[in-house]
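Report on the structure
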Amino acid sequence: MIVLCANRLYTPQDEIQNPLLFIEDGLISAVSSRAQQEIPNHATVVDLTKDLPGAILAPGFVDIHMHGGAGLDVMRASPAELPRLNKFLTTHGVTGYFPTTVAAPLDQTCAALERLADAIAAVTGPSNHNGAQARPLGIHLEGPFLSHKRRGVHPPQYLVEPTLEIFERLWQAARGQVRMMTIAPELPGALDVIAEAARRKVCVSIGHSDAQLEAARAAVRAGARHATHTFNAMRPLDHRDPGILAEVLTDRQLTADIIADGIHVAPAVVQLFLKAKGIERSVLITDATAAAGMPDGIYQLGPIQVSVKDGKCTMDGKLAGSVLTMDNAVRNITQFAGWTLQDAVRAATLNPAQAVGFAHGHGVLAPGAEANLVVLSPGGEVRRTFVRGRLAS
Ligand SMILES: [Zn+2]
């Protein structure tokens, strides 16, 4: 048994002062305050407060929309290369993530899905582990069912109208590991695919969409329950033409995510988003590309190349993903919106985990959950990351 001692702990809904966190076999067995529980004699005690003044224990971050980092693109990285990406993510506090596709030729997408399904199976099975590193937990299909008008940098020649046949082909290639799908609900055939994906427990997220209000509402009735990078690649909000954004911002059935890098959405609008969705429904994502953690230069994003200069990732002048990291997103919303670190952490942990339907085990510090956690400074800097109770080096 390992016992971690810190100054504070975010479950994240509650805060515990002078906490103890008990870990057995990679799982959290108890969470309590020091005053409430005795430490058994046989336990290995790790007192984080000694080296890290103000140490805060929080769940590991869960990034449900990321395309790469450390120079690697998730659609192209080989199994031997993925650990480099996983290690990079761990240094930014991420313990679980969804590798996310971009629109590409269908056979290339399927080949990428097969590789990613292998990578997920290798790290999520009961006896398997890849050491103390961030793990891919499921696949996010961003495309190919996206709006031509709001495609961002997804290549137009690879966008297709939604059909159950194509969805089935992608599902088979991914061997059922698709946990999330971004889709434009106004496309012909979209509602049938949304309903089928929802039936298979995929988190259906509306986005890359020019939908009017009614089409967005129809998507929710069909089973959509989330929205992808709110404001970006979406029909803009107009007070006489409310569109998809009015639905995303007002419907309490929907969670929604945002790229809080201060580039994709102005800080004041991030604040508006957080007010609308509140502390229970706001989700932080990175939408990071291979360029995250790398110097300025040219990087691959699925089938396209993006160029990075001064923290901006673009293709032909259009924003093309980000170089954001989850810890940065957390710190940013404490600044943009005055959120407490605890609430900001929630938007990077419990909220994404709940949005994608992880019933228990991810995004929380509670008995029975995997011991995936970060140690933060009071300013939100990542000091340590633990995956299944093991310290990432
Ligand atoms: Zn993306």
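Heads up: these notes are all about the structure in this document. Remember, it's a predicted structure, so these values are computed and weren't measured experimentally. (Residues numbered from 1 in each chain as written. Predicted model: local features only at pLDDT ≥ 70, side-chain atom pairs only at ≥ 80, totals over all residues. Heavy atoms only, no water.)

**Digging into the overall build of the chain**
- When its secondary structure is counted, the chain shows 10 helices and 25 strands.
- A compact globule built from 393 residues would reach a C-alpha radius of gyration of about 21 Å, and the chain, at 20 Å, matches this within 12%.
- When the backbone C-alpha atoms are referred to their principal axes, the chain occupies close to 65 × 45 × 40 Å.
- Counting the 393 residues in the chain, one finds 59% classified as buried.
- Relative to all contacts within the chain whose residues are 6 or more apart in sequence, the contacts with residues 24 or more apart total 68%.
- When the accessible surface of the chain is totalled, it reaches about 15,100 Å², and 49% of it is carbon and sulfur. (Helix = DSSP H or I, 4+ residues; strand = E, 2+ residues; numbered from the N terminus. Rg over C-alpha atoms; globule rule 2.2 N^0.38 Å. Buried < 20%, exposed > 50% of the residue type's maximum accessible area, 1.4 Å probe, protein only. Contact = heavy atoms within 4.5 Å. Areas by Shrake-Rupley, 256 points an atom, 1.4 Å probe, with all protein chains shown as cover.)

**Regarding the pairing of strand S7 (residues 56-59)**
- As defined by bridge partners, strand S2 (residues 8-10) adjoins S7 across two bridges and the pair is classed as parallel. Residue pairing for S7: Leu9 is matched across the bridge by Leu57.
- Pairing between S7 and strand S23 (residues 373-376): four bridges, direction antiparallel. Residue pairing in the sheet places Leu57 in a bridge with Val375 of S23. (Pairing = 2+ DSSP bridges.)

**Comments concerning helix H5 (residues 213-222)**
- Among all positions of H5, only Leu213, Ala216, Ala218, Ala219 and Val220 are buried.
- Contacts from the buried residues of H5 go to helix H4 (190-199), strand S15 (203-206) and helix H6 (243-250).
- Just downstream of H5, Gly223 is the residue with a positive phi angle, here 130°.

**Comments concerning helix H1 (residues 82-91)**
- Burial in H1 covers these residues: Leu82, Leu85, Asn86, Phe88, Leu89 and Thr90.
- Gly93 sits one or two residues past H1 and shows a positive phi near 90°.

**Re the pattern of salt bridges**
- Applying the stated criterion to the full structure yields 16 salt bridges.
- Residue Arg135 pairs with Glu370 through a salt bridge whose shortest N-O separation is 2.4 Å. On the criterion of sequence distance, the pair formed by Arg135 in strand S12 (residues 135-136) and Glu370 in the loop between helix H10 (350-355) and S23 is long-range, its members being 235 residues apart.
- Assessed through its relative accessible area of 2%, Arg135 is described here as buried.
- You can call Glu370 buried: its relative accessible area is 16%.
- For Arg200, the salt bridge goes to Glu168, with nearest N and O atoms at 2.6 Å. Residue Arg200 is located in the loop between H4 and S15, and its partner Glu168 is located in helix H3 (residues 164-173); the two are separated by 32 residues in the primary sequence. (Salt bridge = Lys/Arg side-chain N within 4 Å of Asp/Glu carboxyl O.)

**Section: the packing of aromatic side chains**
- Under the counting rule described, the total for this entry stands at two aromatic pairs.
- With centroids separated by 6.0 Å and ring planes inclined at 70°, the aromatic side chains of Phe98 and Phe358 adopt a geometry described as edge-to-face. Linking Phe98 in strand S11 (residues 94-99) with Phe358 in the loop between H10 and S23, this pair joins segments that are 260 residues apart in sequence.
- Among the residues examined, Phe358 registers a relative accessible area of 11% and is labelled buried.
- On the basis of an interplanar angle of 35° and a centroid distance of 5.9 Å, the ring pair of Phe167 and Trp171 is categorised as tilted. Of this pair, Phe167 and Trp171 both sit in helix H3, four residues apart, which is roughly one turn of the helix. (Phe/Tyr/Trp six-rings, centres within 6.5 Å; stacked < 30°, edge-to-face > 60°.)

**Side note on the packing of H5 against H6**
- The geometry of H5 relative to H6 is characterised by a closest axis approach of 6 Å and an angle of 45° between their N-to-C directions. As the angle between them shows, H5 and H6 are arranged oblique. Along the contact surface, H5 presents Leu213, Ala216, Arg217 and Val220, while H6 presents Gly243, Ile244, Ala246 and Glu247.
- Grouping the constituent residues of the contact of H5 with H6 by class yields five nonpolar, one polar and two charged. (Axes fitted to C-alpha atoms, helices over the stretch in contact; angles between N-to-C directions. Parallel < 35°, antiparallel > 145°, perpendicular 65-115°, else oblique. Nonpolar A, V, L, I, M, F, W, Y, C, P; charged D, E, K, R; others polar.)

**What to know about the side chain of Thr90**
- By the secondary structure assignment, Thr90 is in helix H1.
- At 2.6 Å, the side chain of Thr90 forms a polar contact with the backbone oxygen of Asn86.
- Sequence-distant contacts of Thr90, defined by excluding residues within four places in its chain, comprise Ala132, Gln133, Ala134, Thr385 and Ala392. (Polar contact = N/O pair within 3.5 Å; in protein donor to acceptor, adjacent residues only side chain to side chain.)

**Details of the coordination of the zinc ion**
- Only His65 (NE2), His67 (NE2), Glu142 (OE) and Asp287 (OD) from the protein coordinate the zinc ion, and they sit 2.0 to 2.2 Å from it.
- Taken together, the four donor atoms coordinating the zinc ion and their angles of 81 to 169° define a geometry best described as irregular.
- Mapped onto the polypeptide sequence, the residues donating to the zinc ion form the spacing pattern H-x1-H-x74-E-x144-D. Of this pair, His65 sits in strand S8 (residues 61-66) while Asp287 sits in the loop between strand S18 (282-285) and strand S19 (297-301); the two residues are 222 residues apart in sequence, bridging distant segments of the chain. Here His65 matches Asp287 in class, with each residue buried. (Donors = N, O, S within 2.8 Å, 3.2 Å for Na, K, Ca; no water. Tetrahedral: all angles 85-135°; square planar, octahedral: opposite > 155°, others 65-115°.)

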